[in-house]
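# Fold and contact review
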Amino acid sequence: MKTPFKIILKDITKLLDTKLPDYLTYHDTAHTLYVLDKSIHIAKKEGVGTSDLELLKVAALFHDIGFTVTHKEHEEEGCKIAKTELKKYGYSNSEIETICGMIMATKIPQRPKTLLEQILADADLEYLATSGFSRKAKDLYKERLHFNPDLSLDEWNEVQIEFMKNHRYHTKYCKHYKTFRKQRNLKQILRT
């Protein structure tokens, strides 16, 4: 029998709160909960059914759990953790593979194959198209400085510009409602 989602949420939130390094100013517990919320929202807009929604919610919770171990290849590490933990929660091998597919779909450059993978990939980068973009970008810059103390703000802005120019949303919902907002944020960076 599967563990109820609210228990998994409590367990994983606690794990992230205690195991994520303090220098992760962007990839923190709040980011995971934000991606969870956006995944649910996009899934509803895309007409995802109840059982798939449950798998998506679990994948959102686990999508950055690999950061508790490493910042390099954290998606792969997250799948290893998910495979171990999700068996304890009563998930089948098939369900775990679906969840790992979603986790891997968040790896940059994103290459989601299924609708659920597209939803999680879009939810992970949904912030690019929000009014909170500048604040989130500053959090990510601060996090990157930990790994590269010589990264200037100008260099960071160039990285963001290139990334945003090449990024594409995958779901119909995000293509329609998020692309133009992301372009507005890109123009804002180009003006600085």
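### Some points on the packing of aromatic side chains
Inspection of the entire model under this criterion finds five aromatic pairs. Relative to Tyr127, the ring of Tyr26 has its centre 5.4 Å away and its plane inclined at 55 degrees; by these criteria the two rings are tilted. Taken together, the residues span a long stretch of sequence, with Tyr26 in the loop between helix H1 (5–19) and helix H2 (29–45) and Tyr127 in the loop between helix H6 (115–124) and helix H7 (133–147) at a distance of 101 residues. Judged by its relative accessible area of 6%, Tyr127 is buried. Aromatic ring contacts, followed pair by pair, group Tyr26, Tyr127 and Phe133 into a single cluster. Across the ring face of Tyr34, the terminal group of Lys136 is positioned such that the distance to the ring centre comes to 5.4 Å.

### With respect to the pattern of salt bridges
Overall, the coordinates contain eight salt bridges when judged by the stated rule. Across the pair Lys2 and Glu95 runs a salt bridge, and its minimum N-O distance is 2.6 Å. Residue Lys2 is found in the segment before H1, and its partner Glu95 is found in helix H5 (residues 93–104); the two are separated by 93 residues along the sequence. For Glu95, a relative accessible area of 19% puts it in the buried group. Linking Glu73 and Lys107 is a salt bridge whose minimum nitrogen-to-oxygen distance equals 2.6 Å.

Definitions and cut-offs
- Numbers given to residues run from 1 along each chain, matching the order in which its sequence is written.
- Reporting of local features is limited, given that this is a predicted model, to residues whose pLDDT is at least 70; pairs of side-chain atoms are given and counted only at 80 or more, and all residues count toward the totals for whole chains, interfaces and linings.
- To obtain the side-chain values, all non-hydrogen atoms of the structure were used and water was disregarded.
- When two rings of Phe, Tyr or Trp (its six-membered ring) have centres within 6.5 Å they constitute a pair, described as stacked for plane angles under 30 degrees, edge-to-face for angles over 60, and tilted for the intermediate range.
- Only DSSP runs of H or I covering at least 4 residues are called helices, and only runs of E covering at least 2 are called strands; the numbering of each starts at the N terminus.
- Exposure classes here rest on a 1.4 Å probe applied to the protein chains alone. A residue is buried below 20% of its type maximum, exposed above 50%, and partly exposed in between.
- Remark: a charge is flagged as sitting over a ring if the NZ atom of Lys or the CZ atom of Arg is within 6 Å of the ring centre and within 35 degrees of the ring normal.
- Any carboxyl oxygen of Asp or Glu within 4 Å of a side-chain nitrogen of Lys or Arg constitutes a salt bridge here.

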